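Structural characterization, general
One letter stands for each residue in the lines below.
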Amino acid sequence: MATRGAWGSNIGFILAAVGGAVGLGNLWGFAYSASQGGGAAFVVLYFVFVLFVGLPVLTAELVIGRHTKRSPIAALAAVGGDKVKWVGVLFVLVGFGILSFYSVIMGWTGRLLLDFIRGAVPEQTGAHFAAISEGPGAIVAHLLGMLLVIFVISRGVQKGIERVSVILMPTLFFLIAALAVWASTLSGAGPGYAFYLQPDFSKLFETQTITGAAGQAFFSLSLGMGAMITYSSYLPGKGNLPGKAGLIALSDTMVAFVGGLVTFPVVFHFGLQEDVSASAIGALFIAVPRGLLSFGTAGQFVGIVFFSALYIAALTSAISLLEVVSSALIDSWGWTRSRAGWVAGGAIALAGIPGALSADWVGFLFQLVGQAFLVFGGLLLALIVGYLWKDQARAELLTGFDKPALATGWIWLLRRVVPVMLAVTLYFAVIGLGPVARALFE
Ligand code: PHE
């Protein structure tokens, strides 16, 4: 068997993992969900959920990955026995499914970036988006994006994923910070912040807000499908895993939060509240470009920065998704990395074509694999680590982290709190499938 990849440095791992986590979910899903869920009420719930559910599951994934040094299928078999190997198989399929629609959205982002660069975004941003989001143009953008992802994956963990993340992630942080500063100068900043940061507590107890926060947190942190297991399988044996998990979760949450500091002023400045509540996609790809157009050249420049940031965020997440599928092929069948990357990436590229022909299909897949299956995966992980593997999990956690009381608390959360929260979330995620499935046939 070929030697396994390994990270060149700790910061390289952190940036790659943050790159996997920070994606379209942060810059698009978070602000949208917040706007639907009572602003700050949602934000507070989201933080609570990240802390008590997201962080324990993220830590569990890092612990499994580093302990087994295997991709998810072999890793779960090592942890819970052959009877749970199917969970690893499910993870790989979910990675496949998510990337098949994620790459389509990434393609839309790339297309709008190109249009902003060429100064070719028409006044009718709605009609424009309808034209570019479905059809040959969308297919080409999706396939080009997949080529880029395959290229990075086939170069390897250190020379591909790590190198790209080390360059792109600081760039992304800078772009987002610059956008937030720009947004603060808009006259809509006041009302935008007010809406974002003043809680409407009546929404706090709506099940939709609660489960929306949970599903959003899972998608945003890339949990429940083995991306974090895969990345941590390239870590050396020692080091403080809860510290790493905390840093990853904090960075991801910060980016989502700052993303809101960009989005809400823009939305209120241009009076786009209506467009935004119509749909999440509408907010990002129709309302924001429309607002920016009215700014002339300055708006064009901001548009380039905004869609560059989105594209970078999407690309590094797409890389982590393909790595899950590729590493499974490498570990299970002894394939070379480039063969695994090309075959898996090629299959996903094909599977993504329906999404490039129908935005409703993208919406449906997001709800199915991007929400329901991630939450299901997180639930299974918590049960496996909390019940089948808890003594070794504890020992692995305490390697490089000498806080037995926190380890006890972690196991307790995985056994008692996480499964209950995720089971409830799963129930609502499954119910939420109905409307999006119906949209397919309208
Ligand atoms: N976390 C990514 C985002 O926020 C999406 C993702 C989910 C990536 C699951 C990998 C695995 O966009």
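Rules used in this analysis
- Residues numbered from 1 in each chain as written.
- Predicted model: local features only at pLDDT ≥ 70, side-chain atom pairs only at ≥ 80, totals over all residues.
- Heavy atoms only, no water.
- Helix = DSSP H or I, 4+ residues; strand = E, 2+ residues; numbered from the N terminus.
- Rg over C-alpha atoms; globule rule 2.2 N^0.38 Å.
- Buried < 20%, exposed > 50% of the residue type's maximum accessible area, 1.4 Å probe, protein only.
- Contact = heavy atoms within 4.5 Å.
- Areas by Shrake-Rupley, 256 points an atom, 1.4 Å probe, with all protein chains shown as cover.
- Lys, Arg positive; Asp, Glu negative; His and termini not counted.
- Charge placed at Lys NZ, Arg CZ, Asp CG, Glu CD.
- Near = heavy atom within 4 Å.
- Polar contact = N/O pair within 3.5 Å; in protein donor to acceptor, adjacent residues only side chain to side chain.
- 1 Å grid on protein atoms, 1.4 Å probe; cavity = no way out; pocket = protein on both sides within 12 Å on 5 of 7 lines; lining within 4 Å.
- Sits in = over half its atoms within 2 Å of the grid points.
- Nonpolar A, V, L, I, M, F, W, Y, C, P; charged D, E, K, R; others polar.
- Expected span 1.5 Å × (residues − 1).
- Phe/Tyr/Trp six-rings, centres within 6.5 Å; stacked < 30°, edge-to-face > 60°.
- Lys NZ or Arg CZ within 6 Å of the ring centre and 35° of its normal.
- Points joined across faces, edges and corners; volume = space filled by probe spheres on them.
- Patch = residues over 30% accessible without salt bridge, like charges linked within 9 Å, V, L, I, M, F, W, Y side chains within 5 Å.
- Salt bridge = Lys/Arg side-chain N within 4 Å of Asp/Glu carboxyl O.
- Axes fitted to C-alpha atoms, helices over the stretch in contact; angles between N-to-C directions.
- Parallel < 35°, antiparallel > 145°, perpendicular 65-115°, else oblique.
- Left-handed = near helix turned anticlockwise from the far one by under 90°.

Section: the overall build of the chain
From N to C terminus, the chain includes 21 helices and 0 strands. Over its C-alpha trace the chain gives a radius of gyration of 21 Å, about what one expects of a compact globule, namely 22 Å for 442 residues. Expressed as lengths along the three principal axes of its C-alpha atoms, the size of the chain is roughly 60 × 50 × 45 Å. Every one of the 442 residues in the chain was classed for burial, and the buried ones make up 58%. Considering only contacts in the chain between residues 6 or more positions apart, those separated by 24 or more positions represent 85%. Counting only carbon and sulfur atoms, one obtains 69% of the accessible surface of the chain, whose full area is about 16600 Å². The average position of the 23 basic charges and that of the 18 acidic charges among the side chains of the chain differ by 13 Å.

A closer look at the site of the ligand
The immediate surroundings of the ligand are formed by 14 residues, with A21, G25, Y102, F219 and S222 found nearest. Separating an oxygen atom of the ligand from a side-chain N or O atom of Y102 is a distance of 2.6 Å. Between the ligand and S220 there is a distance of 3.0 Å, counted from a nitrogen atom to a backbone nitrogen or oxygen. If the ligand stood free it would expose 320 Å²; the protein chains cover 100% of that surface. The cavity that encloses the ligand is the largest cavity. For the shell around the ligand, the elements supplying multiple residues, two or more each, are α1 (10-21), α2 (24-36), α10 (207-220) and α15 (296-333). Grouping the amino acids of the shell around the ligand by side-chain chemistry returns 6 nonpolar, 8 polar and no charged.

Section: α2
Between its terminal C-alpha atoms α2 stretches 17 Å, which fits the 18 Å expected from 13 residues at 1.5 Å a residue. Of all 13 residues in α2, 11 are buried; the element is thus mostly enclosed. All buried positions along α2 are accounted for by L24, G25, N26, L27, W28, G29, F30, A31, S33, A34 and S35. Looking one or two places after α2, you find G38, whose phi comes out positive at around 80°.

Comments concerning the packing of aromatic side chains
Considering all chains together, one arrives at 27 aromatic pairs under this definition. By the ring-pair criterion, three or more aromatic residues cluster together here, those being F47, F195, Y196, F257, F264 and F268. A cation sits over an aromatic face here: R339 above W335, 4.3 Å from the ring centre.

Brief notes about empty space enclosed by the protein
Where empty space is left becomes clear once a probe the size of a water molecule has been rolled over the atoms. Here the structure, examined in full by the defined rule, presents 4 cavities of 30 Å³ or more. As for the largest cavity, its lining consists of 17 residues, of which G20, Y102, F219, S222 and L321 are closest to the centre. Put simply, the second largest cavity is a space of about 110 Å³. If you go around the second largest cavity, you meet 13 residues; those closest to its centre are W28, A31, Y32, T263 and A283. Secondary-structure elements contributing two or more residues to the lining of the second largest cavity are α2, α12 (241-269) and α14 (280-293).

A few points about a nonpolar patch on the surface
Among the surface-exposed residues, V44, V48, L51 and F52 lie close enough to one another that they form a single nonpolar patch of about 350 Å² accessible area. Along the chain, V48 turns up in helix α3 (residues 40-68). Its relative accessible area of 42% is what places V48 among the partly exposed residues.

Observations concerning the layout of surface pockets
In this structure, the second largest pocket spans a volume of roughly 270 Å³. As for the second largest pocket, its lining consists of 13 residues, of which L55, T59, L406, W410 and L413 are closest to the centre. Contributing elements (two or more residues each) for the lining of the second largest pocket: α3 and α20 (404-431).

So, the packing of helix α5 (residues 85-117) against helix α16 (residues 337-351)
Contact geometry for α5 and α16: axes closest at 8 Å, N-to-C directions at 55°. As judged from the angle between their axes, α5 and α16 are oblique. α5 and α16 meet at a crossing whose hand is right-handed. Residues F96, L99 and S100 of α5 form the contact with α16, whose participating residues are A344, A347, I348 and A351. For the contact of α5 with α16, the residue count by class is 6 nonpolar, 1 polar and no charged.

Focus on the side chain of T425
Relative to the helices and strands, T425 resides in helix α20. The exposure class of T425 is buried, given its relative accessible area of 4%.

Re the pattern of salt bridges
Following the criterion strictly, the structure yields 5 salt bridges and no others. Salt-bridge contacts for D115 lead to R111; the nearest nitrogen and oxygen are separated by 3.3 Å. With D115 and R111 both in helix α5 and 4 residues apart, this pair spans about one turn of that helix. By relative accessible area, which is 0% here, D115 ends up buried. For R111, a relative accessible area of 27% gives the class partly exposed. For E323, the salt bridge is made with R337, and the minimal N-O distance between the two is 2.9 Å. Residue E323 is found in helix α15, and its partner R337 is found in helix α16; the two are separated by 14 residues along the sequence. Residues participating in the shared-partner salt-bridge network are R111, D115 and R118.

Functional significance is not addressed by these values, which are geometric in nature.
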